[in-house]
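Single-letter residue listing:
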Amino acid sequence: VQLQASGGGLAQAGTSLRLSCTASGSTSRTIQMGWFRQAPGQEREFVAAIKWSDRNTYYADSVKGRFTISRDNAEKRVYLQMDNLKPEDTAIYYCAARLTGITSTIRTANMYYYWGQGTLVTVSS
């Protein structure tokens, strides 16, 4: 599975950005895709995830109510709509995927096998 992320950039606090991640190669109906982010000097952290099979979504507390993850099945694409951006959202955002997995590990970065190249999001105050 190859992942191609796009959509990062510079935004002012309170505005919105949308990230996209397209999967190619051999995928499955049980694929789970997520977004993680890493700010300078910090560890990579979970942002959001979605299960392809049932569209269940999962969010970090820090983005709940502001970010929305969704998928386009036909395009094998996952989106991260980021609204009401805050300066603390500044980070490199990575798209990740795994072909299957238990729900209790869906927020764990090292449980994902496939990773995109990352896209930088910078939010100014």
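Computed from a predicted model, the values in this text were never measured in an experiment.

### Quick notes on the state of the cysteines
Here, disulfide denotes a covalent bond that connects the sulfur atoms of two cysteines. Summed over all chains, the structure comprises 1 disulfide. Between the sulfur of C21 and that of C95 lies a disulfide, 2.0 Å long from S to S. Between C21 and C95, the disulfide has an S-S torsion of -80° and is therefore left-handed. Of the two residues, C21 sits in strand β3 (residues 17–24) while C95 sits in strand β9 (residues 91–98), which places them 74 residues apart along the sequence. Like C95, C21 is buried.

### Focus: the side chain of R66
Summarising the element assignment, R66 is placed in the loop between β6 (57–59) and β7 (67–72). One polar contact links the side chain of R66 to the main-chain carbonyl oxygen of N84, over a distance of 2.9 Å. Filtering out sequence-adjacent residues up to four positions away, R66 remains in contact with Q81, M82, D83, N84, L85, K86 and D89.

### Some thoughts on the confidence of the model for the protein chain
Summing up the model confidence of the protein chain, the mean pLDDT is 94 and the portion of residues at 70 or higher is 100%. At the low end of the mean pLDDT range in the protein chain sits strand β1 (residues 2–6), at 94; at the high end sits β6, at 98.

### Structural notes on the packing of aromatic side chains
Geometrically, a pair of aromatic rings is defined through the distance of the ring centres and the angle of the planes. Counting across every chain of the model gives 6 aromatic pairs. Seen from their ring centres, F36 and F46 are 5.6 Å apart, and the 70° between their planes marks the pair as edge-to-face. Placement of F36 in strand β4 (residues 32–38) and of F46 in strand β5 (residues 45–51) is noted, with a sequence separation of 10 residues between them. This pair shows no difference in class: F36 is buried, exactly as F46 is. Taken together, a centroid distance of 6.4 Å and an interplanar angle of 75° make the contact between Y94 and W115 edge-to-face. One end of the pair, Y94, is in strand β9; the other, W115, is in strand β10 (residues 114–115), and 21 residues separate them in sequence. If you follow R44 out to its NZ or CZ, it ends over the ring of Y94, 3.9 Å from the centre. When the ring centre of Y112 is taken as reference, the NZ or CZ atom of R98 above it lies at 5.2 Å.

About the cut-offs
- Residues numbered from 1 in each chain as written.
- Predicted model: local features only at pLDDT ≥ 70, side-chain atom pairs only at ≥ 80, totals over all residues.
- Heavy atoms only, no water.
- Disulfide = S-S within 2.5 Å.
- Helix = DSSP H or I, 4+ residues; strand = E, 2+ residues; numbered from the N terminus.
- Buried < 20%, exposed > 50% of the residue type's maximum accessible area, 1.4 Å probe, protein only.
- Polar contact = N/O pair within 3.5 Å; in protein donor to acceptor, adjacent residues only side chain to side chain.
- Contact = heavy atoms within 4.5 Å.
- pLDDT = per-residue confidence, 0-100.
- Phe/Tyr/Trp six-rings, centres within 6.5 Å; stacked < 30°, edge-to-face > 60°.
- Lys NZ or Arg CZ within 6 Å of the ring centre and 35° of its normal.

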